[in-house]
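Examining the three-dimensional arrangement
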Amino acid sequence: MNVDSGEAGPLLSVTDLKVSFFTPAGEVKAVNGISYDLRRGEVLGIVGESGSGKSVEAYSIMGLLQSPGRVIGGSISLGGENVLEYGRRQIRNMRGNRVSMIFQNPMTSLNPVYTIGDQIREALTAHSRVSRGDADRRAMDMLDLVGINNPEKRLRQYPHELSGGMRQRVMIALALICEPDLLIADEPTTALDVTIQAQILALMESIRKERDMAIIFITHNLGVVADICTRVAVMYAGHIVESGPVNDIFYAPRHPYTLGLLRSIPRVDDESRERLIPIDGTPVDMLNPPPGCPFAPRCHECMNICLRAYPPATAFADGHAANCWMFDRDVFDREMAEREMPDL
Amino acid sequence: MVEYIIKRVLLGLAALIVVSALTFLLMNLIPGGPFLSEKAPTAEVLAALEAKYGLNRPLHQQYFTWLSDILRGDFGVSFKMQKNRPVIVIIGEMFPTSVKVGVFAMLWAIVAGVSLGCFAAYKRGRLTDSVLRVVTTTGVVLPTFVTATILLVVFAGGIFKILPVIVDKNAEWYAYILPCFTLGLNPMCNIARYTRSSMLDALSQEYIRTAYAKGLNTAAIIFKHALRNALIPVISYIGPMIAYILTGGFVIETVFSIPGLGRYFVQSIQNRDYPIIMGTTIFLASFVIIMTLAVDILYRWIDPRIDLAKEA
Ligand SMILES: Nc1ncnc2c1ncn2[C@@H]1O[C@H](COP(=O)(O)OP(=O)(O)OP(=O)(O)O)[C@@H](O)[C@H]1O
Ligand code: SF4
Ligand SMILES: [Mg+2]
């Protein structure tokens, strides 16, 4: 809607980000050089199986990595500033104010010994001087906005007095009260039942529209991605292996892993009612990843070069790209030729 | 809430009756009697004394007389130690000294225990943490009388002579340092250990991550969000601690000759001063029961998830 926003450059720009955990058993390269841009009002879905580095990637934006995890390379630019160079105070100013986060488990993400009101007010007072009365009023408005009835009473209640769906709404209220530019939602609906899930998604979508806020939506659930995301990044073993507009990913997927993921969900819109096909093989051992393409051990298309070198990105239309050797014409032709040799 | 308190009070009363009956029985089972110890009186004098205080009647009759007196608020008079002075007056004179020692012991135990526990949790895995672990483990296993003796030897006798050995009525404030320190040492170490582990547990919870994500500063995260949760298990230790301080007080008051109720109670048993034994027992038992109830209510205040009404 904003005419400038096209020129103003991305809100968030992640470049070649690398995060490692230095465990006693060795270095775990949880995020291994990922890059993407995110504009105002955009919703980026990050999908991938468990352990692929989705949360670690999100936490590094917020400066929430726990030791032994450390960002070891790349940059994260938010509104033109590299957040990796922020001092303590700047990080604190950013958290909850410019970038907010909601988590997977609403049951354990709120402090059990403080009232809802306490916890929402605190998110506000951490960043601005407001009177108790103003804070209360804004907290009530926020609860109202996220669809919680009787906000005045809720403010005085404790988390255990609310249902899971309600608590997630409270988490959203808490995350949005300072009107952040970016909301990171790490599997926010996984712990909720399906109808509540749909309500929470609709809520996030309407708030995004109203505020022109960007969202990073981390999930296992491709159905959810189709509902709310504008763009999708598919992660595997710390890499983004394919990314692009949501329709390209769903209707013209390129990377064998993305194909596998899509095949693994039952599609309601598909007449043939394909069976749910899980991807063969086990996830990568992150301590000892294979050299070359990490998906190689599970890939039906695997070629010789895949075992030796990580594939470069190949761009398709509209910012759709995938990292797979199959799309490098020269390499692919050479490999095919080698395969045919024995027959000669 | 009111219902819960009423229930707890009734339970407490039942406990008091059991405690008093058992004490009464045991007290009469130990050989000897109030008038036998010093110069043995003649048979007639003894009989006259026993008749005067009703000691010649059957035990159960004596007990019920005592019980009905106590229900009217009459604790009886001392047989021996302060002949014919009302027991309740004696308790009133002695108890404040014990409270003073007990309260300071508890204060230092709680303040130092919680601080050291937080500090150890903050420094987990480092040298400070290991040193504190050794110190607190030692403090937990050392019996009070051993600590008292060692400290007396070090600070009030052989090595330094900086603190008094005996704490009497006119003692200066610093005379209370050793007894309060000794009495609080074991609970302090226990509290430090509980706080350390519950603090580590609290700091690893997801609501702490939420607190960071809000942009709160470290102090607010540790002292507001983590500590309050970490204190919940620590508070459940305060009930047993009060009982410990009370019984530990008997030993400490005796070792340091502090004129408190604990030492007097021990002497009253040695002297078989029956009304004082019974009066003090009931008094201290009621005290523990009331304090435990107070701790449970405090618990409810600090952890809103506990619904006392439902638990009753
Ligand atoms: N504290 C830690 N210590 C060591 N390694 C860790 C730690 N936290 C994460 N990792 C490593 O980082 C990798 C990525 O973890 P991450 O939590 O980002 O996965 P995820 O994609 O969010 O998975 P999920 O869908 O299960 O949430 C994991 O495979 C794990 O090996
Ligand atoms: S690079 Fe090779 S192994 Fe990796 S996904 Fe493509 S074809 Fe499969
Ligand atoms: Mg995760």
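Residues numbered from 1 in each chain as written. Chains lettered and ligands numbered in written order. Predicted model: local features only at pLDDT ≥ 70, side-chain atom pairs only at ≥ 80, totals over all residues. Heavy atoms only, no water.

1. Some points on the confidence of the model for chain B
Residue and element names in this part refer to chain B. Using the following cut-off: On a range of 0 to 100, pLDDT expresses the predictor's confidence in each residue. Secondary structure elements follow DSSP: runs of H or I of four or more residues count as helices, runs of E of two or more count as strands, with numbering from the N terminus.
Averaged over all residues, the pLDDT of chain B equals 88, while 97% of them reach at least 70. Helix α8 (residues 206-214) holds the highest mean pLDDT among the elements of chain B, 96, whereas helix α12 (residues 308-311) holds the lowest, 56. Reported confidences for the modelled complex are a pTM of 0.83 and an ipTM of 0.89.

2. Concerning the site of ligand 2
Stated precisely, the cut-off is as follows: Residue proximity to a molecule or strand is established when one non-hydrogen atom of the residue lies within 4 Å of it. Charged means Asp, Glu, Lys or Arg here, nonpolar means Ala, Val, Leu, Ile, Met, Phe, Trp, Tyr, Cys or Pro, and polar covers whatever is left, Gly included.
Taken together, H255(A), P256(A), C293(A), F295(A), A296(A), C299(A), E301(A), C306(A), P311(A), C324(A), W325(A) and M326(A) form the complete shell of residues around ligand 2. Residue composition of the shell around ligand 2, grouped by class: 10 nonpolar, one polar and one charged.

3. Remarks on the site of ligand 1
Residue and element names in this part refer to chain A. Under the convention used in this document: We call two N or O atoms a polar contact when they sit within 3.5 Å, provided that within protein one can donate a hydrogen and the other can accept it, with sequence-adjacent residues counted only if both atoms are side-chain atoms.
Ligand 1 sits among 15 residues. The nearest are S50, G51, K54, S55 and H220. In the environment of ligand 1, an oxygen atom lies 2.6 Å from a nitrogen or oxygen atom belonging to the side chain of S55. Between ligand 1 and H220, the relevant distance is 2.8 Å, taken from an oxygen atom to a side-chain nitrogen or oxygen of the residue. Top contributing element to the shell around ligand 1 by residue count: helix α1 (residues 54-62), with three residues. Residues of the shell around ligand 1, tallied by class, amount to five nonpolar, seven polar and three charged.

4. A word on the pairing of strand β3 (residues 43-47) of chain A
Residues and elements named next belong to chain A. Cut-off, in case you're wondering: Type-normalised accessible area, obtained with a 1.4 Å probe on protein chains alone, sets the label of each residue: buried when under 20%, exposed when over 50%, and partly exposed for intermediate values. Between any two strands, at least two bridges found by DSSP are needed for them to pair.
Along β3, five of the five residues are buried, which leaves the element largely enclosed by surrounding structure. For β3 and strand β8 (residues 214-219), the ladder comprises five bridges, and the chain directions are parallel. Residue V47 lies in a different strand from β8, and its bridge partner there is T219. Across four bridges, β3 lies against strand β9 (residues 231-236) in parallel orientation. Residue pairing for β9: V47 is matched across the bridge by V234.

5. Here we look at the packing of helix α4 (residues 87-122) of chain B against helix α9 (residues 218-255) of chain B
All names here are of chain B. For clarity, the threshold we go by: With axes taken as lines fitted to C-alpha atoms, and helix axes fitted only over the stretch in contact, angles between N-to-C directions fall between 0 and 180 degrees. Left-handed describes a crossing in which the near helix is turned anticlockwise from the far one by less than a right angle; the clockwise case is right-handed. By definition, residues are in contact when any of their heavy atoms lie within 4.5 Å.
Packing of α4 against α9 brings their axes to within 9 Å, and their N-to-C directions diverge by 145°. In this structure, α4 meets α9 at a crossing whose hand is right-handed. On α9, the residues touching S98, G102, A105, M106, A109, I110, V114, C118 and Y122 of α4 are I222, L227, L231, I238, M241, I242, I245 and E253. A breakdown of the residues in the contact of α4 with α9 according to their chemical character gives 14 nonpolar, two polar and one charged.

6. Here's the deal with the sheet that holds strand β4 (residues 69-78) of chain A
Residues and elements named next belong to chain A. The four strands lie next to each other as β2-β1-β4-β5, forming an open sheet whose pairing is antiparallel. The sheet is open, and its two edges are formed by β2 (26-38) and β5 (81-82), each paired on a single side. Two elements, β4 and β5, share two bridges in a ladder whose sense is antiparallel. Following the sheet pairing, S77 is matched in β5 by N82. Packed onto the sheet, α1 meets β1 (12-23), β2 and β4 and runs at close to 110° relative to β1.

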